[in-house]
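# Residue-level structural notes
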Amino acid sequence: MNIGIVCYPTYGGSGVLATELGIALGEMGHKVHFISSSLPARLNNTFYSNVFFHEVRNMEYPLFEYSPYETALSSKLVDVITYEKLDILHVHYAVPHASAAFMAKQILQTKGIKIPVITTLHGTDITLVGNDPSYAPVVQFSINMSDGVTAVSHSLKSDTLYKFAIEKEIEVIHNFIDTSKFYRNFDIDLKSRFGDKDDVFFVHVSNFRPVKRVLDVVKIFEEVNGIVPQSKLLMIGDGPERHKLEEYCRTQGLCDNIHFLGKKDSISTLLSICDVFLMPSAKESFGLAALEAMACGVPVISSNVGGIPEVNIDGKTGFVCALGDVAAMSSKAIQLATDKALWKQFSDECLRFSKEFDIAHIVPKYEAYYHQIVQESMVTLPS
Ligand code: GMT
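Criteria and cut-off values
- Positions within a chain are numbered from 1, following the residues in the order the chain's sequence is written.
- Local features in this predicted model are restricted to residues whose pLDDT is 70 or higher, and side-chain atom pairs enter the listing and the counts only when it is 80 or higher, whereas totals over whole chains, interfaces and linings include all residues.
- Side-chain figures throughout are based on the complete set of non-hydrogen atoms in the structure, without hydrogens or water.
- What counts as a helix is a DSSP run of H or I of at least four residues, what counts as a strand is a run of E of at least two, and both are numbered from the N terminus.
- Put simply, the radius of gyration uses C-alpha atoms, and a globule should come to 2.2 Å times the residue count raised to 0.38.
- The buried label goes to any residue with under 20% of its type's maximum accessible area, the exposed label to any with over 50%, and the partly exposed label to all in between, with areas taken from a 1.4 Å probe on protein chains only.
- Pairs of residues are marked as contacts when any of their non-hydrogen atoms sit within 4.5 Å.
- Here, Shrake-Rupley sampling with a 1.4 Å probe gives the accessible areas, and only protein chains in the shown set may cover a residue.
- A pocket, in this scheme, is an open set of points on a 1 Å grid over the protein atoms alone with protein on both sides within 12 Å along at least 5 of 7 lines, while a cavity is a set where a 1.4 Å probe fits but cannot get out; residues line either one if an atom lies within 4 Å of a point.
- Grid points are joined across faces, edges and corners, and a volume is the space filled by probe spheres set on the points.
- Three classes are used: nonpolar for Ala, Val, Leu, Ile, Met, Phe, Trp, Tyr, Cys and Pro, charged for Asp, Glu, Lys and Arg, and polar for all others, with Gly counted as polar.
- By definition, a salt bridge exists where a carboxyl oxygen of Asp or Glu is found within 4 Å of a side-chain nitrogen of Lys or Arg.
- Two strands form a pair only when DSSP identifies at least two bridges running between them.
- Only C-alpha atoms enter the line fits that serve as axes; for helices the fit covers just the stretch in contact. Angles between N-to-C directions range over 0 to 180 degrees.
- By the counting scheme adopted, Arg and Lys are positive, Glu and Asp are negative, and His together with the chain ends is not counted.
- Contacts described as polar in this section are N or O atom pairs within 3.5 Å, which, within protein, must combine one atom able to donate a hydrogen with one able to accept it, while residues neighboring in sequence count only if both atoms come from side chains.
- Note on angle classes: values under 35 degrees are labelled roughly parallel, values over 145 roughly antiparallel, values of 65 to 115 roughly perpendicular, and the remainder oblique.
- Each helix crossing is assigned a hand: it is left-handed if the near helix lies turned anticlockwise from the far helix by less than a right angle, otherwise right-handed if that turn is clockwise.
- Every patch collects residues that have over 30% relative accessible area and no salt bridge, joining them within 9 Å if they carry like charges and within 5 Å if they are nonpolar side chains (Val, Leu, Ile, Met, Phe, Trp, Tyr).
- Expected helix span is taken as 1.5 Å per residue step, with the number of steps being one fewer than the number of residues.

Moving on, we get to the overall build of the protein chain. When helices and strands are tallied, the protein chain shows 15 helices and 13 strands. By the compact-globule yardstick of 21 Å for 383 residues, the protein chain fits well, its C-alpha radius of gyration being 22 Å. Each of the three principal axes of the protein chain carries a C-alpha extent, and together these read 70 × 45 × 40 Å. Considering the protein chain as a whole, with its 383 residues, one finds that 57% of them fall into the buried category. Taking the intrachain contacts of the protein chain between residues at least 6 apart in sequence as the baseline, contacts between residues at least 24 apart amount to 70%. Counting only carbon and sulfur atoms, one obtains 53% of the accessible surface of the protein chain, whose full area is about 16600 Å².

As a further point, take the layout of surface pockets. Considering only enclosed or pocket space, the second largest pocket measures out at about 300 Å³ in volume. Of all the secondary-structure elements, those providing two or more residues to the lining of the second largest pocket are helix 13 (326–338) and helix 14 (340–354). Ranked by residues supplied to the lining of the second largest pocket, first place goes to helix 13 with three residues. By residue class, the composition of the lining of the second largest pocket is six nonpolar, one polar and eight charged.

Attention shifts here to the pattern of salt bridges. All chains considered together, the criterion is met by 18 salt bridges. For R42, the salt bridge goes to E20, with nearest N and O atoms at 3.0 Å. One end of the pair, R42, is in the loop between strand 2 (31–36) and strand 3 (51–55); the other, E20, is in helix 1 (residues 13–27), and 22 residues separate them in sequence. By relative accessible area, which is 24% here, R42 ends up partly exposed. Between R57 and E55 there is a salt bridge, with its nearest N and O atoms 3.5 Å apart.

Glancing now at the sheet that holds strand 4 (residues 88–92). Taken in spatial order, the seven strands line up as 3-2-1-4-5-6-7 in an open sheet, and their pairing is parallel. Of all strands in the sheet, those bounded by a partner on one side alone are strand 3 and strand 7 (170–172). Pairwise comparison of adjacent strand axes, ignoring direction, gives a mean angle of 25° for this sheet. Of the pairings in the sheet, the one linking strand 1 (residues 2–6) to strand 4 comprises four bridges and is parallel in character. Among the inter-strand pairings, I3 is bridged to a residue of strand 4, identified as I88.

On to the environment of S74. Relative to the elements of secondary structure, S74 occurs in helix 2 (residues 69–84). Residues S74 and K344 lie 270 residues apart in sequence; the distance between their C-alpha atoms is 50 Å. Leaving out residues up to four positions away in the same chain, S74 has contacts with A100, M103 and A104.

Turning to the side chain of E367, a few remarks are in order. By the element assignment, E367 lies in helix 15 (residues 359–380). Within the buried set, E367 has no salt-bridge partner at all; the shortest N-O distance to an opposite charge, 13 Å, is to K365. Of note is the side chain of E367, whose polar atom sits 2.6 Å from the side chain of H30. Once you skip the residues sitting within four places of it in the chain, E367 turns out to touch M28 and H30.

With that settled, consider the packing of helix 11 (residues 288–295) against helix 14. Here helix 11 crosses helix 14 at 115°, and the two axes come no closer than 7 Å. Comparing the axis directions of helix 11 and helix 14 gives the class roughly perpendicular. For the pair helix 11 and helix 14, the sense of crossing is left-handed. Across the interface between the two elements, L291, M294 and A295 from helix 11 touch C350, L351, F353 and S354 from helix 14. In terms of residue class, the contact of helix 11 with helix 14 is made up of six nonpolar, one polar and no charged.

As a further point, take a nonpolar patch on the surface. Together, M59, Y61, L63 and F64 make up an exposed nonpolar region whose accessible area comes to about 470 Å². Tracing the chain through its elements places Y61 in the loop between strand 3 and helix 2. Since its relative accessible area comes to 45%, Y61 is described here as partly exposed.

This part is about helix 3 (residues 94–110). Counted at 1.5 Å a residue, the expected span for helix 3 with its 17 residues is 24 Å, and the 24 Å between its end C-alpha atoms agrees. For helix 3, the set of buried residues is A94, V95, P96, H97, A98, S99, A100, A101, A104, K105 and L108. Taken together, the buried residues of helix 3 touch strand 1, helix 2, strand 4, strand 5 (117–121), helix 4 (124–127) and helix 5 (136–145). G112, located one to two residues past helix 3, shows a positive phi value of around 80°.

A word on the pairing of strand 2. Regular strands place side chains that alternate from one sheet face to the opposite one. A large share of strand 2 lies buried, amounting to five of its six residues. As judged from the five bridges shared by strand 1 and strand 2, these two strands associate in the parallel manner. Across the sheet, residue I3 finds its bridge partner in strand 2, namely V32.

Okay, structure coming up:
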């Protein structure tokens, strides 16, 4: 098939997932065209003759306080779909990709070109951003106008049906990982750069937005470090909360035991030197970062929100606690840090369970769904 993929190029989970999906589809022999505002991060080091990138150029003009990205994207879509003769367009994150796709589809229809559109809902496009009154009517309309809709968890599907009047069937296709890239690859030399070989390493990976509750991460670690002094925390990523967090660490005298590593592209080896992943998020439709940690044999201590319990199985791959319950998360963290047998049991289960989300099982579900939507749209799209 000739597939168009629209996504955010940055470090957010939706962009990562969309890029990995496109690369995998390319490896399966499909032609894939990424359309985005800049080169998606994970596309940087890949060279495929059948995977292409089209940059959306936004015109600056003194009249615009903010230049209209959605208009530029729709125009680019019209161009790519027409000249590259795409069979299907798959947009990731509803805002504003689904409505830009709808606009492009309408324009193309006037030229006699049909293009089925699939929208994948990732999380905050429904739970935080999309249902804000400033976007909600457009989001609801463009989801309903998509030919196919997928959500990354059962929880996100329920949230979507609860928050919006959706007439479309929503297909749940979970996030995936490539277990040939994410696996436990323990490197003692790497560990010794951040601490002693017997230290217990905690880790958090995110874009440090308020929804990630990064202060909870540090407070959990602070509790643990008081009881288990041989412990370290690796904070991977960057974002708006980082400054506040670093200030907190300085005031509390935690700097020696917490390493802020910033954004990292390839984190499998870093995750592999860690023992416990902390994800106290306020909202999380799936928790791709937790799955990546689990694939490296790292048990997860998380909140119980959204789709996290579909990934982190309480008492098996880690512990699931009430949102904001720092005391409970700390006590579970201490348990995992001090009971080696329990940690090993959880780590083994993480390695086993994460394989159920391997790219080899999940990508064919998208491929089958594309075929289904193309078939259905042959009947329903006007010619
Ligand atoms: O919040 C993020 O980490 C970014 C966000 C995005 O859309 O870029 O991630 C969402 O999509 C990921 C991939 O489907 C999910 O694994 C994350 O759980 C989800 N984040 C939230 O719902 C907060």
